[in-house]
Amino acid sequence: MNAKKLLVFLSFSVFILSLTNAQNDSIQKQEKIKTGLTLGAVPAIAFDSDIGFKYGLVTNFYHFGDGSSYPNYKHSLFLEWSRTTKGSGINEILFDSDHLIPKTRVTAEFNILTEQALDFYGFNGYNAPYNKNYIDENNNDYISRLYYRYDRRLTRFRTEFLGNIIDKKLRWVAGYAFYGVKVDSVDVDKLNKGKDEEDKLPYTNGGLYGQYVDWGFIPEEQKNGGNTNLLKLGLVYDTRDNEANSMKGMWTTLQFVLAPSFLGNDYSFSKLVLTHRQYFTLKPKVLSFAYRVSYQDKISGDIPFYMLPLLFNSGPIKTRDGLGGAKTMRGVLRNRIVGEDYLYGNFELRYKVIRRVILNQNFYFALAPFLDWGMVTGKYELPNNLSTEAISYLSQGEKEKLHLSSGLGTYFTLNDNFIVAINYGIAFDKRDGDNGLYIGLGFLY
C-alpha cells in the first residue's frame, strides 16, 4: 500500500468515526452489572479449497460472582472444537482464574492443533524470497498452490501462575509448558482424494520445506519435529482497567523463557521476552488508542527450527504462531517473518460506535483502524557449505527491513468480555502477500 492509499484509508476511517459519533452520544441506557454464570457461543465455520469445509463450535463460560468485579470475570473457561473435511482441526481448552488460588492467577491450557497445509516461507524475513507466481495456477512459473506449505501437528500443555507483589499491579509470573511438534511435507495424496485428475494438486519434492531439508537449511535430526519443555520466569506490571477491553492503563512484562537440558530437551536455549501494551482514553467509554510493542531475543543455546515460528506471551494470550497473520500482523502472510529474534508492534484506534442493552445483556459494536509492523532482528544462521541451487535461491532474497500492514477491525461484544472480531488487513509490500480477512474472538491485545 503506497502513501496515497494509506491516506485514503485513514480518511475513510475518520469519516466513519465522525458520522457515527452523534448516534453514540444519543445512547444513554444504563449498562447492567453481570453476576453469576454467563455463556457466549459462536459456530466455527470456514472453507478452504485445500483443507475443506471447517465446522465446529467456540464457547466461553464466564463467572462474575456477585458482580463486584464486573466487567472483570472471576473464572473463565474457553472451549473450541473444530474440524475440516480434509482432516485439520483444533481441540482446545483454556482455563483462566484470578480467584481459584488466593492472590494468584492461574492459567491452564491444553490443545491439539493439526495443520495439513501450514504456511512456510523460509527464514529471516525478506532474506527468504517469496514468489507469488509459484502458487498462481495461471502463471507460467506455477509449481503448486502447496509450494509454501508443510504439515504440522502441535500438542501443547501450558500452565502459568501470576502472583501478587505490590497491590496486584506488580506481579511475578512462573510457568511450565510442553510443546510436542511433528512436521512433514504435505500429504498431497490425502488432499487430492476425490478430485478429478485435472484438479489434483502437484507438490514436487515437498515444496519449499522439502528443498530446505535437501539444502541442509533444516538439520536432518530436526526435519520431523521434536519435543520441547519450557520454564518461564518473570515480572508483570499491570494497571489496566479491564483486561478483555481496556480503555486505560498499561501492561508490561519481562520474561525469561528457558529450555534447560535437565528437562530432557535435545536442544537447550533461553530467550528474553519484553512486551509493553498501553491504553489511552480519548473519550470515556467511547474512544481509545491502544498500542503494543514486543521484543523477543535469543540469549543462549540453539533453537530448533520447529520452535522458531512461535512467539511467547503471558497468559491468557495464546502462543501459536510467529509474525504474520491474525494475531500479530494482519494482512501479512502467516509466519512470513521467522528468525531467532523479533521486534514487532501494533497501533489501534478503537471507537465504540453503538452501545445497547438487549435482553438484559450489554452489547456494543466497535470500529478499530490499525497499523501493524515487525521485523527479524536476529537471523537464524544457515550452513556455510551450500549447493549451487541453494546459493541461487538465497541470491533472490533481499535485505531485511520493516514489514508493514494496515486495515480495519470490527468488534461485536457481549458483556465486555465475549468479543467477536472481524479484521481485514492489507500488506504494504507484495513480498508479504496481498491482504487477509480474519474472523475470531477478542481484541488483538
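If you're wondering where the values come from, they're calculated on a predicted model, not measured in any experiment. (Residues numbered from 1 in each chain as written. Predicted model: local features only at pLDDT ≥ 70, side-chain atom pairs only at ≥ 80, totals over all residues. Heavy atoms only, no water.)

## Considerations on the packing of aromatic side chains
Applying the stated criterion across every chain yields a total of 30 aromatic pairs. When the ring of Phe120 is compared with that of Phe123, the centres are 5.9 Å apart and the planes differ by 90 degrees; the resulting orientation is edge-to-face. Judged by relative accessible area, which is 6%, Phe120 ranks as buried. Over the aromatic face of Tyr445 sits the side chain of Arg350, whose NZ or CZ is 4.9 Å from the ring centroid. Note that Arg431 overlies the ring of Tyr126, its terminal NZ or CZ placed 3.8 Å from the centroid. (Phe/Tyr/Trp six-rings, centres within 6.5 Å; stacked < 30°, edge-to-face > 60°. Buried < 20%, exposed > 50% of the residue type's maximum accessible area, 1.4 Å probe, protein only. Lys NZ or Arg CZ within 6 Å of the ring centre and 35° of its normal.)

## So, the environment of Phe289
Position of Phe289 relative to the elements: it lies in strand S12 (residues 287-301). On the accessibility criterion, Phe289 (27% relative accessible area) is partly exposed. Sequence-wise, Phe289 and Lys248 are 41 residues apart; in three dimensions their C-alpha atoms are separated by 8.7 Å. Sequence-distant contacts of Phe289, that is, excluding residues within four places in its chain, are made with Gln278, Tyr279, Phe280, Leu282, Phe347, Glu348 and Leu349. (Helix = DSSP H or I, 4+ residues; strand = E, 2+ residues; numbered from the N terminus. Contact = heavy atoms within 4.5 Å.)

## Observations regarding a nonpolar patch on the surface
A grouping of Leu100, Ile101, Phe161, Ile165, Ile166, Trp172 and Leu235 is seen on the molecular surface, where their side chains present a nonpolar patch of about 610 Å² in accessible area. Residue contributions to the nonpolar patch peak at three residues, all from strand S7 (residues 149-166). Along the chain, the position of Ile165 falls in strand S7. A residue is classified by how much of its surface remains accessible, and Ile165, at 43% relative accessible area, is partly exposed. (Patch = residues over 30% accessible without salt bridge, like charges linked within 9 Å, V, L, I, M, F, W, Y side chains within 5 Å. Areas by Shrake-Rupley, 256 points an atom, 1.4 Å probe, with all protein chains shown as cover. Salt bridge = Lys/Arg side-chain N within 4 Å of Asp/Glu carboxyl O.)

## Regarding unusual backbone geometry
At Asn124, a residue that is not glycine, the phi angle is positive and equals roughly 75 degrees. Residue placement: Asn124 occurs in the loop between strand S6 (104-119) and S7. One non-glycine residue, Lys168, lies in the positive phi region at around 60 degrees. Within the fold, Lys168 resides in the loop between S7 and strand S8 (170-184). Taking the relative accessible area as the measure of exposure, Lys168 reaches 46% and is therefore partly exposed.

## Structural notes on empty space enclosed by the protein
Inspection of every chain in the model, using the stated rule, returns four cavities of 30 Å³ or more. The calculated volume of the largest cavity comes to roughly 90 Å³. Around the largest cavity, the lining is made up of 14 residues, and of these Arg158, Tyr176, Ala177, Leu230 and Lys232 lie nearest the centre. No other element matches S8, which puts four residues into the lining of the largest cavity. Within the lining of the largest cavity, the residues separate by chemical class into seven nonpolar, four polar and three charged. Considering only enclosed or pocket space, the second largest cavity measures out at about 70 Å³ in volume. (1 Å grid on protein atoms, 1.4 Å probe; cavity = no way out; pocket = protein on both sides within 12 Å on 5 of 7 lines; lining within 4 Å. Points joined across faces, edges and corners; volume = space filled by probe spheres on them. Nonpolar A, V, L, I, M, F, W, Y, C, P; charged D, E, K, R; others polar.)

## Focus on the pairing of S6
The element S6 is largely enclosed, with a buried count of 13 among its 16 residues. Of the pairings in the sheet, the one linking strand S5 (residues 89-101) to S6 comprises 10 bridges and is antiparallel in character. Across the sheet, the residue bridging to Leu94 is Glu109, located in S6. Linkage of S5 to S6, two consecutive antiparallel strands, is achieved through a turn of two residues, within which Lys103 is found at a positive phi near 65 degrees. Alignment of S6 against S7, held across 14 bridges, turns out to be antiparallel. Residue Asn111 lies in a different strand from S7, and its bridge partner there is Arg156. (Pairing = 2+ DSSP bridges.)

## Describing the side chain of Glu340
Mapping Glu340 onto the fold places it in the loop between S12 and strand S13 (341-358). Overall, the relative accessible area of 11% leaves Glu340 in the buried class. Here Lys298 takes part through its side chain, which lies 3.1 Å from a polar atom of the side chain of Glu340. (Polar contact = N/O pair within 3.5 Å; in protein donor to acceptor, adjacent residues only side chain to side chain.)

## Focus: the pattern of salt bridges
In this structure the tally under the stated criterion is 23 salt bridges. Arg156 is the salt-bridge partner of Glu109, the closest N and O atoms lying 3.0 Å from each other. One end of the pair, Glu109, is in strand S6; the other, Arg156, is in strand S7, with 47 residues separating them in the sequence. Arg156 shares its class with Glu109; the two are buried. Among the ionic pairs, Asp238 bridges to Arg240, the shortest N-O distance being 2.8 Å. Among the charged side chains, a network of salt bridges with common partners joins Asp96, Arg105, Asp238, Arg240 and Glu243.

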